[in-house]
Amino acid sequence: MSANTARQAQTRRQVLHVLAGLLSAMLAGAPACAASASPPPRVDRIVWLQGSAARLNPIVAYLKEQLPAIQHEPLDTNAVRSWQMVQRGEPACRPTTVHTRAREAEAYFADTMLAPPPELVLRRDKLHLLPRDAEGAADLRSLLEQQRLRGAYARGRSFGDTVDALLAAQRKRSNPMLADYATAAWGDRMRHMLAKDRTDYLIDAPGALAQLQKLGLAAEDYIALPILGATEPLVLGIACPRNPWGRAAILAIDQALGTPAGAARLREIAKDWFSAEARVRYAPQIEQFFQRRSKPQHAD
């Protein structure tokens, strides 16, 4: 055997030795990797974050019937704190949350129903200062940029992607004509602010004007208007933390809701959310939503 042939043979033996060592290490490590894979966390208790209420949220009440192995514990808290708890990854879920792209980055969702779009409640004596489109919808972007009217909205609440983005931009700019307030006693506080001319308009859910009138606000002095670019129904859902526990919880919740019976119960709960006129206007979207809701939305 020549010297060159001997060197080639020795090189092949060295390569084979290295490959054998790598294969042995991989085989030895495989069981350890499999053993280190964590199983899905067990969901035996959910804290439900709801606003102050005398009774259990009706969606939670339904889930309590469908998921009896899970302990369902309601906790009254405001919108800001409840979302902070979800963001921190606590074993808690919000039963009624507007599903937006921004919030989906921080939580898992199981959609439950549609809700009417937000409105702008305005003092009639300021109507001439409000920028509007040809159909009378309030141009919120122009309104905020002009800074001619004083506005207010509830801190921690969502009004859908379009309005949320506008409000977030104004918060960054510290717009002095726009204030956000804690949601405790929101209705009564805002009634006083409107009545005493301390604010010109509110951004709120439909029906807010009727609620303020029940608290004593003079109906003829105020008007509720749609908001340009935000006239489609909002999607509401249950929000759980975007972590392994939250995913396990949302899978269980989604399976319980994703049946014809679950969709029918949610439809019944949501029946009074829309006015008769709005139910006709949004009938196709509502029907399509509950058809999709009659099946699970999340894969295991």
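Residues numbered from 1 in each chain as written. Predicted model: local features only at pLDDT ≥ 70, side-chain atom pairs only at ≥ 80, totals over all residues. Heavy atoms only, no water.

### Things to note about the overall build of the protein
Threshold: Each helix is a run of DSSP H or I of at least 4 residues and each strand a run of E of at least 2, with the numbering of both proceeding from the N terminus. Accessibility here uses a 1.4 Å probe with only protein chains present; expressed as a share of the type maximum, an area under 20% marks a residue as buried, one over 50% as exposed, and anything in between as partly exposed. Throughout, a contact is declared for two residues whenever any of their heavy atoms are within 4.5 Å. Each accessible area is a Shrake-Rupley estimate made with a 1.4 Å probe; only the visible protein chains count as cover when residues are assessed.
Scanning the protein from N- to C-terminus turns up 12 helices and 10 strands. Across the 300 residues of the protein, 41% fall into the buried class. The contacts of the protein with a sequence gap of at least 6 include a subset with a gap of at least 24, amounting to 79%. As displayed, the protein has an accessible area near 16,300 Å², and 54% of this comes from carbon and sulfur atoms.

### A closer look at unusual backbone geometry
Of note, Ser 174 is a non-glycine position whose phi angle comes to about 55°, a positive value. Relative to the elements of secondary structure, Ser 174 occurs in the loop between α6 (161-173) and β7 (178-181). Ser 174 sits in the exposed class, given a relative accessible area of 55%. Phi is positive for Asp 197, which is not a glycine, with a value near 60°. Within the fold, Asp 197 resides in the loop between α7 (186-195) and β8 (201-204). Overall, the relative accessible area of 34% leaves Asp 197 in the partly exposed class.

### What about the pattern of salt bridges?
Two side chains that carry opposite charge are able to pair once their charged atoms sit near each other. As a reminder, the rule being used: When a carboxyl oxygen of Asp or Glu lies within 4 Å of a side-chain nitrogen of Lys or Arg, that pair is called a salt bridge.
Here the structure, examined in full by the defined rule, presents 16 salt bridges. For Asp 180, the salt bridge is made with Arg 155, and the minimal N-O distance between the two is 3.2 Å. With Asp 180 in strand β7 and Arg 155 in the loop between β6 (151-154) and α6, the pair connects residues that are 25 residues apart, well separated along the chain. Residue Arg 155 is classed as partly exposed on the basis of its relative accessible area, which comes to 36%. Between Arg 293 and Asp 254 there is a salt bridge, with its nearest N and O atoms 2.6 Å apart. Of the two residues, Arg 293 sits in helix α12 (residues 283-293) while Asp 254 sits in helix α9 (residues 244-257), which places them 39 residues apart along the sequence. In this pair, the class of Arg 293 matches that of Asp 254, namely buried.

### A word on the packing of aromatic side chains
Applied cut-off: Think of it this way: a Phe, Tyr or Trp ring, Trp meaning its six-membered ring, pairs with another when their centres are within 6.5 Å, and the plane angle makes it stacked under 30 degrees, edge-to-face over 60, tilted otherwise. Any Lys NZ or Arg CZ that is within 6 Å of a ring centre and within 35 degrees of that ring's normal is treated as a charge sitting over the ring.
Going through the model one piece at a time under the given rule, you end up with 3 aromatic pairs. Residues Tyr 153 and Phe 159 carry aromatic rings whose centres are separated by 6.4 Å and whose planes lie at 80° to one another, so their mutual orientation is edge-to-face. On the accessibility criterion, Tyr 153 (3% relative accessible area) is buried. Measuring from ring centre to ring centre gives 5.2 Å for Phe 289 and Phe 290, while their planes differ by 85°; the resulting arrangement is edge-to-face. Note that Arg 103 overlies the ring of Trp 83, its terminal NZ or CZ placed 4.8 Å from the centroid. Between Arg 242 and the ring centre of Tyr 108, over which it is positioned, the NZ or CZ distance is 4.3 Å.

### Some thoughts on the environment of Pro 58
Within the secondary structure layout, Pro 58 lies in helix α2 (residues 58-66). Exposure remark for Pro 58: the relative accessible area of 24% places this residue in the partly exposed category. Spatially, the C-alpha atom of Pro 58 lies 7.1 Å from that of Ile 269, the residues being 211 residues apart in sequence.

### A look at the pairing of β7
Filter applied, for reference: Following DSSP output, two strands are said to pair if at least two bridges run between them. The definition of a right-handed crossover adopted here requires that, viewed with the strands pointing away, the path from the first strand over the helix to the second runs clockwise.
The sheet contact formed by β6 and β7 spans 4 bridges and is parallel. The partner of Ala 152 across the bridge, within β7, is Ala 179. In this fold, the crossover linking β6 to β7 by way of α6 has right-handed handedness.

### With respect to helix α3 (residues 79-87)
The cut-off we apply is this: To obtain the arc, one takes the directions from the helix axis to the C-beta atoms. Polar contact criterion, stated in full: a pair of N or O atoms within 3.5 Å, where within protein one must be able to donate a hydrogen and the other to accept it, and residues adjacent in sequence count only if both atoms are side-chain atoms.
Within α3, the full set of buried residues consists of Ala 79, Ser 82, Trp 83, Met 85 and Val 86. All buried residues of α3 lie within an arc of 155° about the axis, which places them on one face of the element. Turning to α3, the residues buried within the fold contact β1 (45-50), β2 (71-76), β3 (92-98), α4 (101-104), β4 (107-115) and β10 (234-241). The N-cap of α3, judged by a side-chain oxygen 3.2 Å from the amide nitrogen of Val 80 a few residues on, is Asn 78. Remark: Gly 89 follows α3 within two positions and exhibits a positive phi of approximately 85°.

### Re the sheet that holds β3
Using the following cut-off: In this analysis an axis means a line fitted to C-alpha atoms, helices contributing only their contacting stretch, and an angle means the value between N-to-C directions, from 0 to 180 degrees.
Taken together, 5 strands build an open sheet; the order of strands is β2-β1-β3-β10-β4 and the sheet is mixed. At either end of the open sheet lies a strand with only one pairing partner, and these are β2 and β4. Taking each pair of neighbouring strands and ignoring which way they run, the sheet shows an average axis angle of 25°. Direction of pairing for β4 relative to β10: antiparallel, over a ladder of 8 bridges. Bridging across to β10, Leu 114 finds its partner in Val 235.

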